[in-house]
Amino acid sequence: MKDCVFCKIASGEIPAKKLYEDGEMLAFYDMEPKAPLHFLVIPKKHIPNVMEAEESESGLLGALLWRAQKLAVEAGFEKNGARFVINCKEDGGQTVPHLHIHVLSGRPLGWPPG
Ligand code: AMP
Ligand code: ZN
């Protein structure tokens, strides 16, 4: 989608430090990391947020989460754990309107969110 920063990363128009890429998704490090490990997993297809995903995209949603956990484990963060976050729309704290899973690890993370 025009003017979407994550669509531009998916197409290669904007650079990102990639961890993983296949035909339907991309994982890259967050440019403002909130933990020692902080990366994002996005579909290449523009889905605005998880609440607007279609039933036909349920397989893709599962694949994104599966890849997020695989990458966290491969990076060596299985023992102490990690947080997998999907912010959605205004009250959810979403700032980039292209679906993404945050993966954060490497330090204890507080709860509940502020
Ligand atoms: P959210 O607030 O859940 O929408 O998260 C958006 C995240 O995208 C933030 O953590 C930003 O730091 C990150 N971000 C925005 N633009 C870029 C970019 N060009 N490359 C890497 N991360 C980005
Ligand atoms: Zn997009």
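Look above for the structure.
Residues numbered from 1 in each chain as written. Chains lettered and ligands numbered in written order. Predicted model: local features only at pLDDT ≥ 70, side-chain atom pairs only at ≥ 80, totals over all residues. Heavy atoms only, no water.

**Some thoughts on the coordination of the zinc ion (ligand 2)**
To be explicit about the condition: Water is not part of the atom set, so a site may look incomplete; the donors themselves are N, O and S atoms within 2.8 Å of the metal, or 3.2 Å for Na, K and Ca. Between 85 and 135 degrees for all angles marks four donors as tetrahedral; over 155 degrees for opposite donors together with 65 to 115 for all other angles marks four donors as square planar and six as octahedral; every other arrangement is irregular. Numbering of helices and strands starts at the N terminus; helices are DSSP runs of H or I of at least 4 residues and strands are runs of E of at least 2. Think of it in three bands: residues with accessible area under 20% of the maximum for their type are buried, residues over 50% are exposed, and the middle band is partly exposed, with areas taken using a 1.4 Å probe on protein chains only.
Of the protein atoms, only Cys-4 (SG), Cys-7 (SG), His-46 (ND1) and His-98 (ND1) coordinate the zinc ion (ligand 2), at distances of 2.0 to 2.3 Å. With 4 donor atoms in place around the zinc ion (ligand 2) and angles of 105 to 116° between them, the coordination shape is tetrahedral. Mapped onto the polypeptide sequence, the residues donating to the zinc ion (ligand 2) form the spacing pattern C-x2-C-x38-H-x51-H. Taken together, the positions of Cys-7 in helix 1 (residues 5-11) and His-46 in the loop between strand 3 (37-43) and helix 2 (58-74) put the pair 39 residues apart, joining distant regions of the chain. The exposure class assigned to Cys-7 is buried, which follows from its relative accessible area of 11%.

**Here we look at the environment of Lys-8**
For Lys-8, the position within the fold is in helix 1. Its relative accessible area of 24% is what places Lys-8 among the partly exposed residues. Spatially, the C-alpha atom of Lys-8 lies 15 Å from that of Asp-30, the residues being 22 residues apart in sequence.

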